[in-house]
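# Fold and contact review
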Amino acid sequence: MGANCVQAQPSGLHQRNPCLPPGRQPGIQPSTRKKASRSQQEASLREAVDEALNQDQTERDLFLSAVGCTVESAFDDMRLIKKMWHKEKGVQGFHLVQSFAPGEASPELAHQIGQEFAQKLLDGKFQVVISTHLNTKCLHNHLVWNSVSLTNGKKYRSNRKNIHYPNTPDFR
């Protein structure tokens with residue numbers, strides 16, 4: 001299975017996804033962004049969760065799942081953890097798009113791969129929403145996770161070390 005991953009970016013920031021049409025490409029790149037206010041950062045996390053859970057794109061509820069929160073209230077659940085640990089400032093969450101070549105995986109397998117990737121990457125310590133979108137020629141998963149750990153209140157640090165773990169392909 002050679003899933004092509006887009007490196008995780010702070011919520012609201014994305015790299016180009018080759019499987020999405022030009023009109024659906026995320027627009028803000030890290031080098032051009034300005035420091036955002038807390039309300040802008042919170043809105044960015046809400047937008048990432050809303051995009052991941054877009055019912056029009058997922059077609060069937062079978063391809064929506066969540067860990068440490070509920071699909072229906074993921075954003076509010078994530079905010080509660082931030083408040084509980086007094087970590088409401090800074091990066092609010094992360095959004096990763098994992099795409100598959102046409103015919104590479106069935107929707108069920110693509111979703112299972114997304115769930116397994118989230119488990120290996122986050123080890124159940126961070127709330128995450130996983131959705132498999134079927135609206136383009138390339139199936140793709142959206143993983144949106146809270147920047148604050150459920151278990152110890154520490155912030156997630158996005159770096160190569162976090163993405164690489166034993167027995168998996170290199171996601172460069």
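A quick note: this is a predicted structure, and the numbers were derived from the prediction, not measured.

## Considering the overall build of the protein
Across its full length, the protein holds five helices and six strands. For the protein, the proportion of its 172 residues judged to be buried stands at 46%. Sequence separation of at least 24 residues holds for 71% of the intrachain contacts in the protein that already meet a minimum separation of 6. As displayed, the protein offers around 9200 Å² of accessible surface, 51% of which is attributable to carbon and sulfur atoms.

## As for unusual backbone geometry
The phi angle at His86 is positive, at roughly 55 degrees, despite the residue not being glycine. Note on placement: His86 falls in the loop between helix 3 (74–84) and strand 4 (93–99). Taking the relative accessible area as the measure of exposure, His86 reaches 68% and is therefore exposed. Look at Asp123: it is not a glycine, yet its phi comes out positive at around 55 degrees. Relative to the helices and strands, Asp123 resides in the loop between helix 4 (107–122) and strand 5 (128–133).

## Description of the nonpolar core
In terms of nonpolar packing, the biggest core is built from 13 residues, with Leu45, Val49, Leu53, Met78, Val129 and Val144 touching the most fellow members. Only helix 1 (38–52) and helix 3 provide two or more residues apiece to this core. Of the residues forming this core, the biggest block, four residues, is contributed by helix 1. Not counting the four nearest positions on each side in its chain, Val144 is found in contact with Leu45, Ala48, Val49, Ala52, Met78, Phe94, His95, Gln127, Val128 and Val129. Core analysis: the next-biggest nonpolar cluster, separate from the first, contains 12 residues, Ala118, Ile130, Trp145 and Tyr156 among them.

## Notes on the side chain of Gln92
Within the element layout of this structure, Gln92 appears in the loop between helix 3 and strand 4. Given the relative accessible area of 4%, Gln92 is considered buried. Within the structure, the side chain of Gln92 is placed 3.1 Å from the backbone oxygen of Glu88, a separation counted as a polar contact. A polar side-chain atom of Gln92 sits 3.0 Å from the main-chain carbonyl oxygen of Gly90.

## Notes on the pairing of strand 5
Buried residues dominate strand 5, accounting for six of its six residues. Every second residue of strand 5 is oriented toward a common face, with Val128, Ile130 and Thr132 on one face and Val129, Ser131 and His133 on the other, all of them buried. One ladder, built from four bridges, connects strand 3 (residues 64–67) with strand 5; its direction is antiparallel. Bridging from a neighbouring strand, Leu64 pairs with Ser131 of strand 5. Across six bridges, the pairing between strand 5 and strand 6 (residues 140–146) is antiparallel. Following the sheet pairing, Val128 is matched in strand 6 by Trp145. Counting the residues in the hairpin turn of strand 5 and strand 6 gives six residues.

Parameters at a glance
Residues numbered from 1 in each chain as written. Predicted model: local features only at pLDDT ≥ 70, side-chain atom pairs only at ≥ 80, totals over all residues. Heavy atoms only, no water. Helix = DSSP H or I, 4+ residues; strand = E, 2+ residues; numbered from the N terminus. Buried < 20%, exposed > 50% of the residue type's maximum accessible area, 1.4 Å probe, protein only. Contact = heavy atoms within 4.5 Å. Areas by Shrake-Rupley, 256 points an atom, 1.4 Å probe, with all protein chains shown as cover. Core = buried A, V, L, I, M, F, W, Y, C linked by side-chain atoms within 4.5 Å. Polar contact = N/O pair within 3.5 Å; in protein donor to acceptor, adjacent residues only side chain to side chain. Pairing = 2+ DSSP bridges.

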